[in-house]
Amino acid sequence: MSHDSIVHVIDDDDAMRHSMEFLLRTADIRAQTYESADAFLKALPKTGAGCVITDVRMPGMSGLELLRKLKEMAVSLPVIVITGHGDVPLAVEAMKSGAADFIEKPFDDEALLTSGTMATLAAAGDRVVLPGAGQLLTAATAAALDISTSAAEYAKRAEAVT
């Protein structure tokens with residue numbers, strides 16, 4: 001992921017917010033956290049690469065309302081919606097509203113990292129084709145997708161940090 005990229009994490013649950021921030025930083029991904037959609041909108045970056053990871057159920061503006069607001073404001077940051085209360089209609093609503101992904105809690109660390117990386121890089125638009133894979137990926141994604149060894153690597157990094 002580009003050094004200019006920031007993953008904006010929005011969740012009213014302190015423990016979840018700090019856990020996601022720790023996971024992202026352990027993976028060498030810059031992260032900024034916000035306790036509410038309103039706090040994020042007040043600090044909304046005007047430019048820059050990255051993505052938004054937002055919980056659905058929060059006091060005040062919900063994650064889906066935030067998604068619609070960002071679309072209305074023509075903010076180009078991809079939005080990944082996470083929830084502990086997911087169902088098919090909610091997932092469909094999120095995707096129709098423009099979510100880049102919909103992930104249910106509890107989620108696998110690699111699923112979140114892969115989703116965040118892919119959403120950010122897709123928004124950047126720097127694409128490359130991997131031979132034999134038939135997939136369009138960015139050059140940075142090819143490096144980021146060393147995720148096959150990530151679980152062990154992230155565990156090592158986490159031990160080093162704590």
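Look up: the structure comes first, before these words.
Note that the structure is a prediction, hence the values are computed from the model and not measured. (Residues numbered from 1 in each chain as written. Predicted model: local features only at pLDDT ≥ 70, side-chain atom pairs only at ≥ 80, totals over all residues. Heavy atoms only, no water.)

Engineer: Report on the nonpolar core, specifying residues and quantitative values.
Structural biologist: Nonpolar side chains tend toward joint burial in soluble globular proteins. In this structure, Ile10, Phe40, Val52, Leu66, Leu70 and Val81 are the most contacted members of the largest nonpolar core, which totals 22 residues. Among the elements of the structure, α2 (37-42), α3 (63-72), β4 (79-83) and α4 (88-96) are those that each provide at least two residues to this core. Ranked by residue count, the leading element in this core is α3, at four residues. Excluding anything up to four places from it in sequence, Ile10 contacts Tyr34, Ser36, Ala37, Phe40, Val52, Ile53, Thr54, Asp55, Met58 and Leu66. Listed in part, the 16 residues of the second largest apolar core include Leu24, Ala31, Cys51 and Ile82. (Core = buried A, V, L, I, M, F, W, Y, C linked by side-chain atoms within 4.5 Å. Buried < 20%, exposed > 50% of the residue type's maximum accessible area, 1.4 Å probe, protein only. Helix = DSSP H or I, 4+ residues; strand = E, 2+ residues; numbered from the N terminus. Contact = heavy atoms within 4.5 Å.)

Engineer: Any details on the packing of aromatic side chains? Residues and values, ideally.
Structural biologist: Overall, the coordinates contain one aromatic pair when judged by the stated rule. Note on Tyr34 and Phe40: the rings are 5.2 Å apart at their centroids and 80° apart in plane angle, and the pair reads as edge-to-face. Judged by relative accessible area, which is 8%, Tyr34 ranks as buried. (Phe/Tyr/Trp six-rings, centres within 6.5 Å; stacked < 30°, edge-to-face > 60°.)

Engineer: So what's going on with the pattern of salt bridges? Residues and values would help.
Structural biologist: For side chains of opposite charge, pairing can occur when their charged atoms come near one another. What the rule picks out here adds up to six salt bridges. For Lys105, the salt bridge is made with Asp11, and the minimal N-O distance between the two is 3.1 Å. A residue pair is termed long-range when its members are at least 10 positions apart, and Lys105 in the loop between β5 (101-104) and α5 (109-124) and Asp11 in the loop between β1 (6-10) and α1 (14-26) qualify at 94 residues. Since its relative accessible area comes to 0%, Asp11 is described here as buried. Several salt bridges converge on common partners, so that one network encompasses Asp11, Asp55 and Lys105. (Salt bridge = Lys/Arg side-chain N within 4 Å of Asp/Glu carboxyl O.)

Engineer: Before we move on, could you go through the environment of Met58 and cite the residues and values that matter?
Structural biologist: For Met58, the position within the fold is in the loop between β3 (50-55) and α3. Accessibility expressed as a relative area gives 9% for Met58, which makes it buried. For the pair Met58 and Ala37, spaced 21 residues apart in the sequence, the C-alpha separation amounts to 8.1 Å.

Engineer: So what's going on with the sheet that holds β3? Residues and values would help.
Structural biologist: On the basis of which strands lie adjacent, the open sheet formed by five strands has the order β2-β1-β3-β4-β5 and parallel pairing. A single partner strand is all that each edge strand has here, and the edge strands are β2 (31-34) and β5. Averaged over all pairs of adjacent strands, the angle between their axes in this sheet comes to 20°, without regard to strand direction. Running over the sheet, α4 touches β4 and β5 and is turned about 150° from β5. (Pairing = 2+ DSSP bridges. Axes fitted to C-alpha atoms, helices over the stretch in contact; angles between N-to-C directions.)

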